[in-house]
Each structure stands twice: as structure tokens, then as C-alpha cells.
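Tertiary structure, described
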Amino acid sequence: MRKQIAAANWKMNLTYQQGAALLQSVLAADISLKENHAAVFAVPFPYLEMAIDTVQHKKNYSISAQNCSDKKSGAYTGEVSAEMLRSIGLSYCLVGHSERREYFGETNPVLAEKLNLCLANGITPIFCCGEALKTREQNQQDSFVEQQLRESLFHMSADDLLKIVIAYEPIWAIGTGKTASTEQAQEMHAHIRSVLINQYGKSIAEQISILYGGSVKANNSREIFTSKDVDGGLVGGASLIAAEFIEIIKSLK
């Protein structure tokens with residue numbers, strides 16, 4: 001069975017003390033993670049070592065960075081390399097989140113370089129893809145997401161593809177007042193898997209975890225996660241509330 005993942009993306013929120021308290025609250029909860037379950041916390045850079053230390057003795061709990069540089073090293077003030085992340089024992093890194101694409105101009109080729117560097121350093125990338133409202137309204141979401149996959153992932157070998165996680169973000173349904181249905185989530189996840197099947201074959205594609213990142217909350221996570229091709233969620237705002245994220249973790253199938 002594919003790994004089922006509840007990934008928390010704290011974004012640029014919480015102080016160090018608030019983050020530490022939130023982690024402790026989640027870890028203290030009565031949660032029984034199965035062998036194929038993982039709870040991942042994508043925390044701001046200054047909190048990474050604290051978070052790693054906090055979860056290190058908890059089975060199936062891991063820490064992720066929210067970003068890394070597309071450069072190996074050098075005179076890039078303010079950047080953080082994949083090698084640096086590896087040196088503190090990091091397990092995961094978000095790559096290509098919609099906010100990075102929109103606000104910081106990250107392109108598919110740049111994200112391909114980030115993926116390469118993560119894999120070279122033994123870090124599991126959580127590769128984000130998804131379409132904006134205009135693309136959805138023009139009914140071009142399938143081709144748009146396929147292009148994201150092709151330009152960032154398809155240079156990889158099958159062995160390398162098996163080392164990544166994909167997260168689908170319906171950007172048009174985040175903070176717009178519009179809601180993506182469970183059916184729409186499953187449709188896109190199935191499409192993503194079909195694109196992978198066409199490139200790498202069914203046996204490979206069926207092993208890739210695909211997370212849903214469209215305003216997952218405690219009151220909808222169980223229904224969303226029951227979808228055949230949805231393997232958990234990339235959770236934003238709800239992951240900042242311990243009780244919410246605890247219930248989301250418990251919703252993993």
C-alpha cells in the first residue's frame with residue numbers, strides 16, 4: 001500500500017515557542033500511526049533543528065523544510081542548500097509550492113534543479129503542482145498540470161521518481177470562496193497518476209503517494225482521504241491548530 005501522509009505546512013507563521021508547543025501537543029495526542037502512515041511537519045528554517053530533535057524518537061514522524069535553493073552552493077546570500085538541510089538530518093523538503101511559484105517566480109525548470117539536489121542529498125521532495133482559477137475556468141487544468149509534471153519530473157529515472165511525493169494544490173479553491181469537491185480532487189489525482197503511468201508504467205505510478213492540498217480540514221479530511229488516488233494531505237491553516245491536525249492525521253486510510 002502507498003504511504004499515506006499528513007503533511008503540515010506552517011508557512012510563515014508561529015514564533016519559535018509557539019511552534020515548539022504545537023509540536024508537543026500533536027505528539028502527546030493518542031494517535032496510532034500504521035506502518036504506511038507518516039506525519040510530516042514543514043516548519044520555517046529557524047525551527048528545523050528544534051523540530052527534528054522533538055520528533056526524533058517518534059516513529060513515523062518527520063520534519064520538512066518549506067523550500068531549498070536550486071544552487072548547490074556559492075555566493076547566494078540568504079539561500080539554504082539541500083546539502084545544508086541534509087547536514088542537520090532533514091527528511092523532506094517542499095518543492096514548488098504554489099506560493100513559491102506565484103510570489104517568487106519559480107519555474108518548472110528551476111524546480112527540476114531543486115528536485116535533483118534534494119534527491120542527491122537523500123531528501124524526499126514533496127513536489128507541488130496545481131492550477132489557478134483562470135486555468136480551471138478555461139478547462140485547461142489537465143494539460144496545465146501535465147506540463148508541470150513533464151517539465152519538472154520527467155527527466156528522472158523510474159528509481160528516482162519512486163523517491164518523491166506529489167502534492168496537488170487546486171489554487172483556485174484556496175481562499176477564493178470556491179470549493180473543490182471530493183470528486184474533483186479524485187479526478188485530478190487520477191489524472192496525475194495516469195500521466196505517470198504513460199511515462200513510467202503502472203507498476204511505478206501506483207507506488208507514488210499523491211497528496212491533496214486544497215483547504216484540508218478536520219471536518220473534510222476523512223471523506224477526501226477515502227478517494228482511491230488521494231494518499232493524504234498537504235495542510236495549511238488547519239495544521240496550525242493542534243486539535244485540527246490531530247484529527248487530520250487520524251483520518252489517514
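What counts, and at which threshold
Residues numbered from 1 in each chain as written. Predicted model: local features only at pLDDT ≥ 70, side-chain atom pairs only at ≥ 80, totals over all residues. Heavy atoms only, no water. Helix = DSSP H or I, 4+ residues; strand = E, 2+ residues; numbered from the N terminus. Rg over C-alpha atoms; globule rule 2.2 N^0.38 Å. Contact = heavy atoms within 4.5 Å. Core = buried A, V, L, I, M, F, W, Y, C linked by side-chain atoms within 4.5 Å. Buried < 20%, exposed > 50% of the residue type's maximum accessible area, 1.4 Å probe, protein only. Pairing = 2+ DSSP bridges. Right-handed = clockwise from strand over helix to strand, strands pointing away. Polar contact = N/O pair within 3.5 Å; in protein donor to acceptor, adjacent residues only side chain to side chain. Salt bridge = Lys/Arg side-chain N within 4 Å of Asp/Glu carboxyl O. Phe/Tyr/Trp six-rings, centres within 6.5 Å; stacked < 30°, edge-to-face > 60°. Lys NZ or Arg CZ within 6 Å of the ring centre and 35° of its normal.

Turning our attention to the overall build of the chain. Scanning the chain from terminus to terminus reveals twelve helices and eight strands. Against the globule reference of 18 Å for 253 residues, the chain gives a C-alpha radius of gyration of 17 Å, in line with a compact fold. Reported as C-alpha extents along the three principal axes, the dimensions of the chain are approximately 45 × 45 × 35 Å. Within the chain, contacts between residues separated by at least 24 positions form 72% of all contacts whose residues are at least 6 apart in sequence.

Now for the nonpolar core. Among the nonpolar cores identified, the biggest contains 71 residues, and Phe41, Leu149, Leu153, Ile166 and Ile192 are the most heavily contacted of them. Ignoring anything within four residues of it in the chain, the contact list for leucine 149 reads Phe127, Cys129, Phe154, Ile166, Ile192 and Val195. Within the second largest apolar cluster, 13 residues are counted, among which are Ala38, Val40, Ala42 and Ile126.

Attention shifts here to the pairing of strand E1 (residues 4-9). Within E1, six of the six residues are buried, which leaves it mostly tucked inside the rest of the structure. Neither face of E1 is exposed, since Gln4, Ala6 and Ala8 on one face and Ile5, Ala7 and Asn9 on the opposite face are all buried. As defined by bridge partners, E1 adjoins strand E2 (residues 37-42) across six bridges and the pair is classed as parallel. When the sheet's bridge partners are listed, glutamine 4 is paired in E2 with histidine 37. At this point the chain moves from E1, through helix H1 (residues 16-27), to the parallel E2, and the crossover so formed is right-handed.

Moving on: the side chain of serine 251. Assignment of secondary structure puts serine 251 in the segment after helix H12 (242-250). With relative accessibility at 5%, the residue serine 251 sits in the buried group. Apart from the residues lying within four places of it in its own chain, the contact partners of serine 251 are Ser221, Arg222 and Phe225.

Another aspect to go through is the side chain of serine 69. You can see serine 69 is positioned in the loop between strand E3 (61-65) and helix H3 (82-87). Residue classification places serine 69 among the buried residues on the basis of a relative accessible area of 3%. Separated by 2.9 Å, the side chain of serine 69 and the backbone nitrogen of lysine 71 make a polar contact. Those residues in contact with serine 69, other than ones at most four positions away along the chain, are Glu79, Val80, Ser81, Lys114 and Leu117.

Moving on, we come to unusual backbone geometry. Residue leucine 14 is not a glycine yet carries a positive backbone phi of 75 degrees. Tracing the chain through its elements places leucine 14 in the loop between E1 and H1. Non-glycine residue asparagine 139 carries a positive phi angle of around 55 degrees. As for its placement among the helices and strands, asparagine 139 is situated in the loop between helix H6 (133-137) and helix H7 (141-153). Classification of asparagine 139 as exposed rests on a relative accessible area of 60%.

Once that is clear, we can look at the pattern of salt bridges. Going through the model one piece at a time under the given rule, you end up with 14 salt bridges. In this structure, the salt-bridge partner of arginine 2 is glutamate 206, at a minimum N-O distance of 3.1 Å. Taken together, the positions of arginine 2 in the segment before E1 and glutamate 206 in the loop between helix H10 (202-205) and strand E7 (210-212) put the pair 204 residues apart, joining distant regions of the chain. On the accessibility criterion, arginine 2 (15% relative accessible area) is buried.

This next bit is on the packing of aromatic side chains. Applying the stated criterion across every chain, the model contains five aromatic pairs. Centroid distance tyrosine 16 to tyrosine 47: 5.8 Å. Interplanar angle 90 degrees. Geometry classified as edge-to-face. Here tyrosine 16 is found in helix H1, whereas its partner tyrosine 47 is found in the loop between E2 and helix H2 (48-55), with 31 residues between them in sequence. The exposure class assigned to tyrosine 16 is partly exposed, which follows from its relative accessible area of 40%. Centre to centre, the rings of phenylalanine 41 and phenylalanine 245 are 5.5 Å apart; their planes meet at 65 degrees, and the pair counts as edge-to-face. Linking phenylalanine 41 in strand E2 with phenylalanine 245 in helix H12, this pair joins segments that are 204 residues apart in sequence. Classification of phenylalanine 41 as buried rests on a relative accessible area of 1%. Clustering of aromatic rings is evident, with ring pairs tying together Trp10, Phe41 and Phe245. A cation over an aromatic ring shows up here: arginine 100 above the ring of phenylalanine 104, its NZ or CZ 4.0 Å from the ring centre.

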